[in-house]
Amino acid sequence: MPFVIGIKDIIDIVLVAAMLYYIYRLMKESRSLNVFIGIMVFMLIWLFVSQILEMRLLGSILDKLVSVGALAIIILFQEEIRKFLYTIGAHQRFRSIKKFFSSSDRPEEEDKETILPIVMACMNMAKKRVGSLIVIERAIALNDIVDTGDVIDARINQRLIENIFFKNSPLHDGAMVISHKRVKAAGCILPVSHSLNIPRELGLRHRAALGISQDSDAIAVVVSEETGHIAVAIHGELRRKLSAEQLESVLAHEMSK
């Protein structure tokens, strides 16, 4: 009987290839590529032994390992799986659906009350080369990040932001979290991005900004202590050397979504 390949088989092969390629990219970014290759080699051996050679004893042992290994893979790659699911949910089409069902009556004046103090504080800190990291919460709650710092829960104020990141302040090394138009906490610890594409001249603040922007839809604003340059991390992408006008424009555009 001749082996016939239909359109369904072609679609199946393309989808599996796309899924493996995406998993390969995730593993490469998280430095787990060798583990991924090891899993693929084990899967090929399992298929060869159980399906082609039909070795019952060895095949049954490998079957048990595969059934237990599925749970082990979920535990081992929980961060990558979370990032994969977040990427799907953050897709433009799904975000538009979410926006359709959620209320979007947010006055521009209220956004300006949030944006302008941040922009002015960042410009002053950039001139003085005071390092800072400000995280603006959006749809995804950052309660776990807030719990790592000191709760402030104060109205957004330019002087407050500059005082928190003053070099002698005990909270200047951590991140500030802004939620619901209030300074929620300071001195917070953020997840650090392990992407290999980050330029070497960027420090821990920029890696932390990229890390929180990869794990959530938050906006992270960084002021470099070495250069005084302002950068913004959104959805795992870093925009560097922004002026005051560019920073205000980026924040206004992203916070209006």
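Provided above is the structure to which this section pertains.
None of these values were measured; they are calculated from a predicted model.

Trainee: What's the story with the pairing of strand β6 (residues 230–234) in this structure? I'm lost.
Mentor: The side chains of a regular strand alternate, residue by residue, between the two faces of the sheet. Taking burial as the measure, the five residues of β6 include five buried ones, the bulk of the element. Residues I230, V232 and I234 line one face of β6 and the alternating positions A231 and A233 line the opposite face, and both faces are buried. Both strand β5 (residues 219–223) and β6 contribute to a ladder of four bridges, which runs antiparallel. By the bridge assignment for β6, V223 is matched with I230. Counting the residues that bridge the hairpin from β5 to β6 gives six residues, and of these G228 lies at a positive phi of roughly 80 degrees. Counting the residues that bridge the hairpin from β6 to strand β7 (residues 237–239) gives two residues, and of these H235 lies at a positive phi of roughly 55 degrees.

Trainee: I keep staring at the pattern of salt bridges and nothing clicks. Help me out?
Mentor: Side-chain pairs of opposite charge can arise where the charged atoms are in close proximity. In this structure the tally under the stated criterion is five salt bridges. The closest approach of N and O atoms between R182 and D153, which form a salt bridge, is 2.9 Å. Of the two residues, R182 sits in strand β4 (residues 182–188) while D153 sits in strand β2 (residues 150–155), which places them 29 residues apart along the sequence. The class of D153 is partly exposed, set by a relative accessible area of 37%. One salt bridge in this structure joins E225 and R205, with 3.4 Å as the shortest N-O distance. With E225 in the loop between β5 and β6 and R205 in helix α9 (residues 204–215), this pair connects stretches of sequence that are 20 residues apart.

Trainee: What is the right way to look at the side chain of S193 in this model?
Mentor: Inspection of the secondary structure puts S193 in the loop between β4 and α9. Given the relative accessible area of 2%, S193 is considered buried. Here Q214 takes part through its side chain, which lies 3.3 Å from a polar atom of the side chain of S193. S193 has contacts with I198, R207, L210, G211 and Q214, leaving out every residue within four places of it along the chain.

Trainee: Whenever I open this one, the side chain of H172 confuses me. Can you help?
Mentor: Counting through the fold element by element, H172 comes out in the loop between α8 (158–164) and β3 (175–179). Of note is the side chain of H172, whose polar atom sits 3.0 Å from the side chain of D173.

Trainee: Help me understand the sheet that holds β4 in this model?
Mentor: Pairing between sheet strands relies on hydrogen bonds along the backbone, with the strands arranged either parallel or antiparallel. Pairing in this open sheet of seven strands is mixed, and the strands run β2-β4-β3-β1-β5-β6-β7 from one edge to the other. Two strands lie at the open edges of the sheet, namely β2 and β7, each paired on one side alone. In this sheet, neighbouring strand axes are inclined to one another by 20 degrees on average, regardless of whether the strands run parallel or antiparallel. Packed onto the sheet, α9 meets β1 (132–136), β5, β6 and β7 and runs at close to 175 degrees relative to β5.

Trainee: Mind showing me how you'd approach α9 here?
Mentor: Residue pairs three or four apart in sequence face the same way in an α-helix, which turns once every 3.6 residues. Spanning 12 residues, α9 covers 16 Å between terminal C-alpha atoms, matching the ideal 16 Å at 1.5 Å per step. With 11 of its 12 residues buried, α9 lies for the most part within the structure. Regarding α9, the residues found buried are R205, H206, R207, A208, A209, L210, G211, I212, S213, Q214 and D215.

What counts and what doesn't
- Residues numbered from 1 in each chain as written.
- Predicted model: local features only at pLDDT ≥ 70, side-chain atom pairs only at ≥ 80, totals over all residues.
- Heavy atoms only, no water.
- Buried < 20%, exposed > 50% of the residue type's maximum accessible area, 1.4 Å probe, protein only.
- Helix = DSSP H or I, 4+ residues; strand = E, 2+ residues; numbered from the N terminus.
- Pairing = 2+ DSSP bridges.
- Salt bridge = Lys/Arg side-chain N within 4 Å of Asp/Glu carboxyl O.
- Polar contact = N/O pair within 3.5 Å; in protein donor to acceptor, adjacent residues only side chain to side chain.
- Contact = heavy atoms within 4.5 Å.
- Axes fitted to C-alpha atoms, helices over the stretch in contact; angles between N-to-C directions.
- Expected span 1.5 Å × (residues − 1).

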